[in-house]
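If you want the building blocks of each chain, they are given just below.
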Amino acid sequence: GAVVSQHPSRVICKSGTSVKIECRSLDFQATTMFWYRQFPKQSLMLMATSNEGSKATYEQGVEKDKFLINHASLTLSTLTVTSAHPEDSSFYICSARGLPHNEQFFGPGTRLTVL
Amino acid sequence: AQSVSQHNHHVILSEAASLELGCNYSYGGTVNLFWYVQYPGQHLQLLLKYFSGDPLVKGIKGFEAEFIKSKFSFNLRKPSVQWSDTAEYFCAVNAGNTDKLIFGTGTRLQVFP
């Protein structure tokens, strides 16, 4: 299967700072990338869908000004959590989809802790 | 709105026992169905998927799932589990005309030797 990486795997930051998380498709071109959030012992909740070269589509209840998504190339999408607060602490997972694959491949996730 | 429910939140089995994890979804149209597994400390991996055709789908590591349209179900089965099957299992659905995956809440499986 295809490989998706995320960086960093773990980040701790102070309240009020911004954090950028990268998601890369290593061996295929990802025309679409997805960002999910997973709370402890809960399921993955889709935050937004991004297509290369266009603005991301956010799910209801997700603040687009707080969670900035950029999908500038076919192998890279970034999620920036702006002015992070403790309630933003969570596990953020990206996935990518692109030809010739017809399924999403998931990254290993990024554990964000906001102090 | 689409939703996915997994009834078993935590399942504990001994090795060689049979496994069945329930998954029901709510959506009246064409759906694609998935089961993912998340081993401790690892990322989500696809176990199997159903798009169309034979409703009995075979996946990796001896897992299979059966799509029963009339029951809106896609239960996961394995005839004989191993200790290495200890993981979190997620059922997911996407409507045929979208890319979005809707996940169930997951089932934690613990297999004891």
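In this text, all values refer to a predicted model and were calculated from it rather than measured experimentally.

**Let's talk about the pairing of strand 9 (residues 73-78) of chain B**
Residues and elements named next belong to chain B. Burial within strand 9 is extensive, with five of its six residues counted as buried. Across three bridges, strand 3 (residues 19-21) lies against strand 9 in antiparallel orientation. Along strand 9, the bridge assignment pairs E20 with R77. Of the pairings in the sheet, the one linking strand 8 (residues 64-68) to strand 9 comprises five bridges and is antiparallel in character. The residue bridging A65 from the neighbouring strand is L76, located in strand 9.

**Quick look at the interface of chain A and chain B**
On the chain B side, the residues contacting the 18 residues of chain A number 14 residues. Both faces considered, chain A and chain B share a buried interface measuring about 1400 Å² in area, 53% of it formed by carbon and sulfur atoms. Of all residues in chain A, S43, E103 and F106 of chain A bury the most surface against chain B, accounting for 34% of the area lost on that side. The residue K49 of chain B makes a salt bridge to E103 of chain A at a minimum N-O spacing of 3.0 Å. In this assembly, chain A and chain B are joined by three residue pairs in polar contact (both at pLDDT 80 or more). Within the residue set of the side of chain A that touches chain B, elements represented by two or more residues are strand 4 (32-38), strand 5 (44-51) and strand 9 (90-97) of chain A. Top element by residues in the side of chain A that touches chain B is strand 4 of chain A. It accounts for four residues. Its residues assigned to classes, the side of chain A that touches chain B comprises seven nonpolar, eight polar and three charged.

Calculation rules
Residues numbered from 1 in each chain as written. Chains lettered and ligands numbered in written order. Predicted model: local features only at pLDDT ≥ 70, side-chain atom pairs only at ≥ 80, totals over all residues. Heavy atoms only, no water. Buried < 20%, exposed > 50% of the residue type's maximum accessible area, 1.4 Å probe, protein only. Helix = DSSP H or I, 4+ residues; strand = E, 2+ residues; numbered from the N terminus. Pairing = 2+ DSSP bridges. Contact = heavy atoms within 4.5 Å. Buried area = accessible area lost by both parts, 1.4 Å probe. Salt bridge = Lys/Arg side-chain N within 4 Å of Asp/Glu carboxyl O. Polar contact = N/O pair within 3.5 Å; in protein donor to acceptor, adjacent residues only side chain to side chain. Nonpolar A, V, L, I, M, F, W, Y, C, P; charged D, E, K, R; others polar.

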